Amino acid sequence: MIRSAVYNACRMAIRHIKVFSFYPWRAADRHPTGVRWRLYMLALLVLPWLASCDGRAWNNPYPASQDKANILYSAFSGRPKHLDPVRSYSSDEYLFIGQIYEPPLQYHYLKRPYRLEPLTADGMPRVVYLDSKGRVTTRDKAAFTRYIIRIRKGIRYQPHPALAVDEKGRPRYLGLNEAHLKRIRTLADFKYQGTRELVAADYVYQIKRIAHPRLQSPIYSLMADYIVGLRDYARRLRQIDRKLVANKGREAWLDLTRYPLRGVKLIDRYTYAILIKGRYPQFLYWLAMPFFAPVPPEAERFYMQPGMKERNLTLDWYPIGTGAYMLTVNDPNRRMVLERNPNYHEDRYPRHGMPGDRERGLLRDAGKRIPFIDKAVYSLEKETIPYWNKFLQGYYDASGISSDNFDQAIQFTTTGDVRLTDDMRRKGIRLVTAVQATTIYMGFNMKDPVVGGYGERARKLRQAISIAVDYEEYISIFANGRGVAAQSPIPPGIFGHRQGRAGINPVVYRWVNGRPRRRSIAEAKRLLAEAGYPGGRDARTGKPLLIHLDVRGGGPGDKAYWDWLRKQFRKIDLELVIRNTDYNRFREKMRKGNAQLFVWGWNADYPDPENFLFLLYGPNGKVDHGGENVANYANPEYDRLFERMKAMPNGPARQRIIDRMLAILRHDAPWLFGFHPRSFTLFHRWYHNVSPNLMAHNTLKYRRIDPLSRAQARQAWNRPVLWPVWLLLGLFVISLIPAIVVWRRRETRPMKEVD
Amino acid sequence: MFAYIIRRVLYAVPILIGVNVLTFALFFVVNSPDDMARMHLGTKHVKQEAIDKWKQARGYDKPLFYNPGARGLEKFTDTIFFDKSARLFAFDFGKADDGRSISYDIRQRMLPSLAIAIPVFVVGILVNITFALLLAFFRATYLDVWGVILCVILMSISSLFYIIGGQYLISKLMHLVPISGYDSGLSSVKFLILPVLIGIVSGIGSGTRWYRTIFLEEIGKDYVRTARAKGLSELAVLFRHVLRNALIPILTGAVVVIPLLFMGSLLTESFFGIPGLGSYTIDAIQNQDFAIVRAMVFLGSVLYILGLLLTDISYTIADPRIRLS
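Colleague: Help me out: how do you make sense of the overall build of chain A in this one?
Modeller: The secondary structure content of chain A amounts to 24 helices and 24 strands. Taking the principal axes of the C-alpha coordinates as reference, chain A spans close to 100 × 80 × 60 Å. Residue burial in chain A is summarised as follows: out of 755 residues, 55% are buried. Taking all contacts inside chain A whose residues are at least 6 apart in sequence as the whole, residues at least 24 apart take part in 70%. Accessible surface computed for chain A: about 33,700 Å², of which carbon and sulfur atoms make up 55%. Taken as two groups, the 123 positive and 72 negative side-chain charges of chain A have centres that lie 2 Å from each other.

Colleague: Is there a simple way to explain the pattern of salt bridges in this structure?
Modeller: Side chains that carry opposite charge are capable of pairing whenever their charged atoms lie near each other. Residue and element names in this part refer to chain A. In the structure shown here, the tally under the stated rule is 64 salt bridges over all chains. Where Asp 397 meets Arg 710, a salt bridge forms, and the shortest distance between an N and an O atom there is 2.9 Å. You can see Asp 397 sitting in the loop between α10 (384–392) and β11 (398–400) and its partner Arg 710 sitting in helix α22 (residues 707–717), a full 313 residues away along the chain. The salt bridge partner of Lys 559 is Asp 563, with a shortest N-O separation of 3.1 Å.

Colleague: Hey, could you run me through a positive patch on the surface in this one?
Modeller: Together, A:Arg146, A:Arg262, A:Lys265 and A:Lys277 line one region of the surface with positive charge. Mapping A:Arg262 onto the fold places it in the loop between α7 (230–248) and β6 (264–268).

Colleague: Which parts of the structure should I look at to understand the domain arrangement of chain B?
Modeller: By a frequent convention, interface size equals the accessible area lost on bringing the separate parts together. Residue and element names in this part refer to chain B. Split by domain assignment, chain B resolves into domain 1 (2–90) and domain 2 (105–318). Spacing between the C-alpha centres of domain 1 and domain 2 amounts to 35 Å. At the junction of the two partners, domain 1 supplies 20 residues and domain 2 supplies 18 residues. Taken together, the two surfaces of domain 1 and domain 2 that pack against each other cover about 1,700 Å², and 74% of this comes from carbon and sulfur. For the interface between domain 1 and domain 2, the tally reads four residue pairs in polar contact (both at pLDDT 80 or more). Among the elements of the structure, α1 (2–30) and α2 (33–41) are those that each provide at least two residues to the side of domain 1 that touches domain 2. Among the elements that take part in the side of domain 1 that touches domain 2, α1 stands out by supplying 12 residues, more than any other.

Colleague: How should the sheet that holds β6(A) be read in this particular structure?
Modeller: Pairing between sheet strands relies on hydrogen bonds along the backbone, with the strands arranged either parallel or antiparallel. All names here are of chain A. If you trace the four strands from one edge of the open sheet to the other, you get β4-β5-β7-β6, paired in antiparallel fashion. Strand pairing shows two members of the sheet lacking a second neighbour, β4 (126–130) and β6, which therefore form its edges. Within the sheet, the average angular offset between the axes of one strand and its neighbour, ignoring direction, is 25°. Packing of helix α5 (residues 200–209) onto the sheet brings it into contact with β6 and β7 (271–277), and relative to β6 it is tilted by some 175°.

Colleague: Whenever I open this one, the sheet that holds strand β1 (residues 71–76) of chain A confuses me. Can you help?
Modeller: Residue and element names in this part refer to chain A. Read across the open sheet, the four strands follow the order β1-β10-β9-β8; overall the sheet is mixed. The outermost strands of the open sheet, each flanked by one partner alone, are β1 and β8 (325–331). Geometrically, the sheet is characterised by an average inter-axis angle of 20° between neighbouring strands, direction not taken into account. Taken strand by strand, helix α4 (residues 91–100) contacts β1, β8, β9 (335–340) and β10 (375–380), and its axis lies near 20° from that of β9.

Colleague: I keep staring at a nonpolar patch on the surface and nothing clicks. Help me out?
Modeller: All names here are of chain A. Residues Trp 723, Trp 726, Leu 727, Leu 728, Leu 729, Leu 731, Ile 734, Ile 737 and Val 741 make up a contiguous nonpolar surface patch of about 930 Å² in total accessible area. Of note, Trp 726 is situated in helix α23 (residues 723–748). Exposure remark for Trp 726: the relative accessible area of 30% places this residue in the partly exposed category.

Colleague: I would appreciate a short explanation of the interface of chain B and chain A in the present structure.
Modeller: Contacts between chain B and chain A engage 69 residues on the former and 74 residues on the latter. A buried area of about 6,400 Å², summed over both sides, lies between chain B and chain A, and 49% of it is on carbon and sulfur atoms. Together, B:Lys44, B:His45 and B:Lys53 form the three largest contributors to the area buried by chain B at its contact with chain A, with a combined 13%. Scanning the region where chain B abuts chain A turns up four salt bridges. Viewed at the interface, chain A and chain B are joined by 22 residue pairs in polar contact (both at pLDDT 80 or more). Of the residues forming the side of chain B that touches chain A, the biggest block, six residues, is contributed by helix α3 (residues 48–58) of chain B. When grouped by side-chain class, the residues that make up the side of chain B that touches chain A number 28 nonpolar, 21 polar and 20 charged.

Colleague: What is the right way to look at helix α20 (residues 636–646) of chain A in this model?
Modeller: All names here are of chain A. Turning to α20, its buried residues are Tyr 638, Asp 639, Leu 641, Phe 642, Met 645 and Lys 646. Viewed end-on, α20 has its buried residues packed into an arc of 165°, placing them on one side of the element. Turned more than 90 degrees away from the buried face of α20 sit Pro 636, Arg 640 and Arg 644, all of them exposed. Buried residues along α20 sit in contact with α18 (610–613) and α21 (652–668).

Colleague: Would you mind going over the layout of surface pockets with me for this structure?
Modeller: It is a probe the size of a water molecule, rolled over the atoms, that shows where empty space is left. There is about 2,100 Å³ of room inside the second largest pocket. Looking at the second largest pocket, it is lined by 44 residues, and the ones nearest its centre are A:Leu728, A:Phe732, B:Phe131, B:Leu197 and B:Val201. The dominant element in the lining of the second largest pocket, judged by the number of residues it contributes, is α23(A), at 10 residues. In the lining of the second largest pocket, the residues fall into 36 nonpolar, five polar and three charged.

Colleague: Looking at this model, I keep getting lost on the pairing of strand β5 (residues 144–150) of chain A. Mind explaining?
Modeller: For a regular strand, side chains alternate in direction, first toward one face of the sheet and then toward the other. Residues and elements named next belong to chain A. With five bridges connecting them, β4 and β5 associate as antiparallel partners. Across the sheet, the residue bridging to Val 127 is Tyr 147, located in β5. Bridge analysis of β5 against β7 gives seven bridges, and the strand direction is antiparallel. Paired with Ile 148 across the strands is Ala 273, a residue of β7.

Colleague: In this structure, what is going on with the packing of helix α8 (residues 159–173) of chain B against helix α9 (residues 189–219) of chain B? I would like to understand it.
Modeller: Geometrically, a packed helix pair is captured by the angle between its two axes and the distance between the axes. Residues and elements named next belong to chain B. Running from N to C, α8 and α9 point in directions that differ by 130°, and their axes come no closer than 10 Å. Taken together, the axes of α8 and α9 are oblique relative to one another. Two packed elements cross with a definite hand, and for α8 against α9 that hand is right-handed. Contacts between α8 and α9 involve Tyr 162, Ile 163, Gly 166, Gln 167, Ile 170 and Ser 171 on the former and, on the latter, Leu 194, Leu 197, Ile 198, Val 201 and Ser 202.

Colleague: Help me understand the packing of aromatic side chains, please; the structure alone is not making it clear to me.
Modeller: Each aromatic ring pair is summarised here by two numbers: the centre-to-centre distance and the angle between the ring planes. Residues and elements named next belong to chain A. In the structure shown here, the tally under the stated rule is 60 aromatic pairs over all chains. Their ring planes at 70° and their centres at 6.4 Å tell us that Tyr 471 and Trp 564 sit as a pair that is edge-to-face. With Tyr 471 in helix α14 (residues 471–478) and Trp 564 in helix α16 (residues 559–570), this residue pair connects regions lying 93 residues apart in the sequence. We classify Tyr 471 as buried; its relative accessible area is 2%. Ring centres of Phe 478 and Tyr 561 lie 5.8 Å apart, and the angle between their planes is 80°; on these two criteria the pair is classed as edge-to-face. Within this pair, whereas Phe 478 is found in helix α14, its partner Tyr 561 is found in helix α16, the two being separated by 83 residues in sequence.

Colleague: Any chance you could explain the packing of helix α17 (residues 583–592) of chain A against α2(B) here in plain terms?
Modeller: It is the contact of α17(A) with α2(B), at a shortest axis distance of 11 Å, that shows an interaxial angle of 95°. When the axis of α17(A) is compared with that of α2(B), the two are roughly perpendicular. Residues A:Tyr583, A:Asn584, A:Arg585, A:Arg587 and A:Arg591 of α17(A) pack against B:Asp35, B:Arg38 and B:Met39 of α2(B). Classifying every residue of the contact of α17(A) with α2(B) by side-chain character gives two nonpolar, one polar and five charged.

Colleague: Would you mind showing me how to read the side chain of A:Asn60 here?
Modeller: Inspection of the secondary structure assignment puts A:Asn60 in the loop between α3 (33–51) and β1. A polar contact is formed between the side chain of A:Asn60 and the side chain of A:Asp67, at a distance of 3.4 Å. In this structure, A:Asn60 is in contact with A:Asp67, A:Tyr395, A:Arg714, B:Pro178 and B:Lys190, ignoring residues within four places of it in sequence.

Colleague: Got a minute to help me understand the nonpolar core in this structure?
Modeller: What tends to happen in soluble globular proteins is that the nonpolar side chains get buried as a cluster. All names here are of chain A. By size, the foremost hydrophobic cluster in this structure holds 138 residues, and its most contacted members are Phe 283, Trp 286 and Phe 292. When sequence neighbours within four positions are dropped, the list of residues in contact with Phe 283 reads Tyr 147, Met 223, Ile 227, Ile 274, Ile 276 and Phe 292. Core analysis: the second largest hydrophobic core is formed by 39 residues, Ala 464, Tyr 509, Ile 547 and Phe 675 among them.

Cut-offs applied
- Residues numbered from 1 in each chain as written.
- Chains lettered and ligands numbered in written order.
- Predicted model: local features only at pLDDT ≥ 70, side-chain atom pairs only at ≥ 80, totals over all residues.
- Heavy atoms only, no water.
- Helix = DSSP H or I, 4+ residues; strand = E, 2+ residues; numbered from the N terminus.
- Buried < 20%, exposed > 50% of the residue type's maximum accessible area, 1.4 Å probe, protein only.
- Contact = heavy atoms within 4.5 Å.
- Areas by Shrake-Rupley, 256 points an atom, 1.4 Å probe, with all protein chains shown as cover.
- Lys, Arg positive; Asp, Glu negative; His and termini not counted.
- Charge placed at Lys NZ, Arg CZ, Asp CG, Glu CD.
- Salt bridge = Lys/Arg side-chain N within 4 Å of Asp/Glu carboxyl O.
- Patch = residues over 30% accessible without salt bridge, like charges linked within 9 Å, V, L, I, M, F, W, Y side chains within 5 Å.
- Domains from an automatic or database assignment.
- Buried area = accessible area lost by both parts, 1.4 Å probe.
- Polar contact = N/O pair within 3.5 Å; in protein donor to acceptor, adjacent residues only side chain to side chain.
- Pairing = 2+ DSSP bridges.
- Axes fitted to C-alpha atoms, helices over the stretch in contact; angles between N-to-C directions.
- Nonpolar A, V, L, I, M, F, W, Y, C, P; charged D, E, K, R; others polar.
- Arc of directions from axis to C-beta.
- 1 Å grid on protein atoms, 1.4 Å probe; cavity = no way out; pocket = protein on both sides within 12 Å on 5 of 7 lines; lining within 4 Å.
- Points joined across faces, edges and corners; volume = space filled by probe spheres on them.
- Parallel < 35°, antiparallel > 145°, perpendicular 65-115°, else oblique.
- Left-handed = near helix turned anticlockwise from the far one by under 90°.
- Phe/Tyr/Trp six-rings, centres within 6.5 Å; stacked < 30°, edge-to-face > 60°.
- Core = buried A, V, L, I, M, F, W, Y, C linked by side-chain atoms within 4.5 Å.

Next comes the structure, spelled out in C-alpha cells:
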C-alpha cells in the first residue's frame, strides 16, 4: 500500500515536472530563470528515483513482458558450429539439438546406473542374430546383428515451412528462387508452416546421411566399420554427387531416398531395421544419440533451394525435429531461444527413480505431462565473471563454479565435506555435485625408448612415476577438491568400476584404515632403483634421467601447475622437462608418437566400460592405426580380453574379465590414472527437478521453474543503490568551486600576469 | 584532389595483395589444412578419411601457392591462395568453415560494434578535448598538476580493470544497469550505457594528456598573444582560436580510426556479451577458421587505408592552405 502511494506520488510529480521543467520554451513564459533552473535540478535529482518507482530492477536484462513468464534463462559461451544431427558432436551443440531431435531411445532421467528406454520407439529394439548366410542363429555364433526398431504412431514434427502444403497437398515452398526469398531473413519469415507424422523412413534417411559426401559426419568412419554396406554406399554417393555437382552445381540436392543402403531397411511405415557386422551391443547407446534422430527428406530438399544458403537458412542452422522444443530464435552471435513444440507427443515425467529421489523432491511431478517450461532463452556469455554475477542477481537460473568464484560459493567443513557459504544458503541456492564420466590421465608413450616398452625396466619406471605424482594433492590445489583420484580408466557410475578395497590400484595405493593411501616415496624410489635409475640417474651411464612432458599452449596460469609437476618428479630425484607447443603441433606429436609423457582426457560417449577400455586396445593405437589409444599400448592378453568383454552383457562374468583387464593395466602402467572431475552446479531455489544425468541430452523437458518466486527474488536482490551517484555529483560540484575561483581570478588579472 | 584520391586507391591494390599474401602465409605456417579439419571435426573418432573429405569439400585439398600438376596459368590459379583470395577484391567473402555466410555475419555484427564505438569515439573526443582545454586553461596551477596526476593514474590502469571494476561497482553493487547482454533497437540502450561509459573513462587519461600537450604548444604561439591583446577572454582564446589551430594533430589521430570503429573491440565485446566484429575475429582465430580471418584482415586493411585517405582529405578542410596533389 505504501509502495503504491509512493508510486502515485511519483507519477503526479512526473506530470508536474514534465509541464514546468522539461519544456523550457513553455516554462520560460511562466517562471523566472532561477525558478526554472531549480526545477531542472529537482528533476535531475528525482528522476532516477522515479524510474525505480514501478518496482522493476534497472539491471534486468530481459524485457518486462518476461518478468513472470515460465522461461528458463541460461547461456552459451561460444557459438555452436553445427546443429545438424549428423554433424554435431559437442556438448555445446547438444544443449540445443538434444531438446529438438528425438532418436529412438533415451536414457531414463532418474535411474542409475544409466538405463536406456524407448523415446520414439514403441519398445526396445528387437535384436536378431544372423550367421554369415543370413540365417537366424544364437548370439555366440552371430556374424551379423539386426536391430529392428518400431516407432510410435502419431508423433508429429514441429511446425516448419518445409512441411507446409497447399490445399492439394503439394509443398508450398518448393521451386523457390531469389525473388521469392527477397524478404526472407529467418525461418519465421515464411508465412506458412506445416507438419506431418514421423515415419520410419525419416530414420532411414538420416542413417544414409552419415555417408553423405558433403556432410562429413564425425562418426562416419566408426559406423562404416559396423553398419553393413555403409562404406560402399559412401563411395557410390561420392560418384553420384560428383556427376550431380558437375551437371547442376554445388548446391543441388542429392536425394538419398533414391539410393538404398544395404544395411538399413524400411520394413513398413513405422518399422525399420539396421544390420550390424558381428556383435556390437553398444550400438544401442548410439541409438540414443542425435546421429540416429529422424530428418525428413523434405527439409533437406527445402534448404537446398537457391538463395537459402546465402541467408544461412540451412539444416545445419535451423533444425527440424519432433522433440519437446523447437528453435525459434537462432542468432548464434547473440541469443538462441527454444520454445515448446506445440505438436509434441504424449510424454510424462518418470514415476520411479532411485531411493532418496522422493525425499529430494525429484518425484513431486511424477507422472505429469512434460515439458514444464515454455521457453528457454540462451544468451551469449563469453566470460565467467558476468555470468556468475548475473546468476547471483537471479538473471540466470543455474551456474557452474569457476575457480575465481569458488571461495565465494563453497566452503569445506572440518570433516572435509563441501557445503555452500552462508551467502549462498541465504539466497536459497542449492548445490548439486556429480562425478563426471570423464577420465583425465597422464599417458606414457609406449613406443618411447625410455618410458615405453613392456620390459621390467620401463614398467618399474612408470610405476615409480605413478606413485610420485600425487593427484590427490593436484585435486586439492588446482581443482578446489572437485575431483576423485582415478584407480583405473573407468569412472564411478560406469559398470566395471569397483568401490572400496577391491577397486584400488595396488601398484600405487595401499588400503589403510578403510581408505586408499598412496604408497610412500621410498617405495617409488625403490622401484626406480630396481628400474636401473638409483637416485634418478641411469646406473649404466651415470647420467641423470630427464623425462619430457609435452603440453599444449599453456598460458601464464599454467606455470604453477608445471612447477607442481616438476616438484612431483623431483620427489624421486627425476628431472621433468616441460615442452610447451601449440595445439596443432601437440596433436601432430601424438599422431607421430614423438611425445614421451602427455596429459590427455576422455569424455564418455555412452555409459559402458568398453568406451573407456578401448582407449588402451592395441588395434586402436594412435601411431599405427590412427585410433584413440594415444599411449599406443598393445598387450595381447588385454586385447583378447577386450574383444571378449566388448560384446558381453553386464554381469559377474563381464566384471571378472574387466577386473583382469584392469589388473593388467595397473601392472603395465601405460597411464598414470589421473582423476575423474566432479562437477559442482548451483541452482536457484525456483529451479526444480534437477538430477544430474551426464548421458542424457534431452533433460530440459523434465525441469521446472517457479517464475513467481524468481520475480520476487530478482526484485528484492536488485534494488538500485543511488547514494554513490549523489556522492560523486556532490564531490564534482565541490571540486568546481576552486576552479571557479581560479578562473575568476585569471579573467580579472591584467594580461601580463596570465603568462 | 580527385587525381590524388585515384592515385591513393591504386596504391592500395598492391598493399592489399601484400597483406593477403602475408596473412595467408602466416596462417598456413601455423595451421595446415589438416589441422583446420581436425579442429573442425573434433577430437573423437576422426580418421584421415574424414579429414580428406572435409578438405575436399572446402577446396583445401589443393596446393597452397603453386600447383605443379596443373597446366599453364592454372599452376597459379588452381591453388588455395587464388581460390580463397581473389574473390576478396570483389568483397565476396564467401563462407566460413561452419558454412555460414561471412558477409551476412559481418553485416549483423557491424551494428553492435558501431553502437559502442561511435559514442565512445565522439563523446570520448569531446570529453578529452574539454578536459585538455581546461587543464591548459588552469596551466601551472595546482588544478593542472592534480589533473595531470589523475590522468597518469587513469592511463596506468588496465582496461580489463575498468571493465571488471565497472561491472562490479555499477552493475553488481549499485544495480543500475545490466552487467552484460545486448538487444536490438532502443532496447539496446540500457546494455550500452556501461560499456560506453567505461570506454570513455578508460580513454580520458591518455586522450587528455595528448590533447593538453598539443594545446600547450599552441598557446605559446604569437596569434594567441594577439588574441589576448585584443582583449578576448581566456576561454574564448582557447575554444575559438587554440582549438581550431590545433585541429591538424587532432585529426591525424582521430580521423584515421573512424573506419576502424567497424572492427569492434575485443575485450569490451567479450565481457559485455556484445556480438560485434571484435569477438568475431578472435573466435575465428581460436577456431582456425581461415575464411573469416582473411576476410577480417582484408576488411581491416581496406578500412585503414580508407582512414588514412580520409585523414588527408580532412586536412584540406581543417586548413585551407593545404592542397592535395
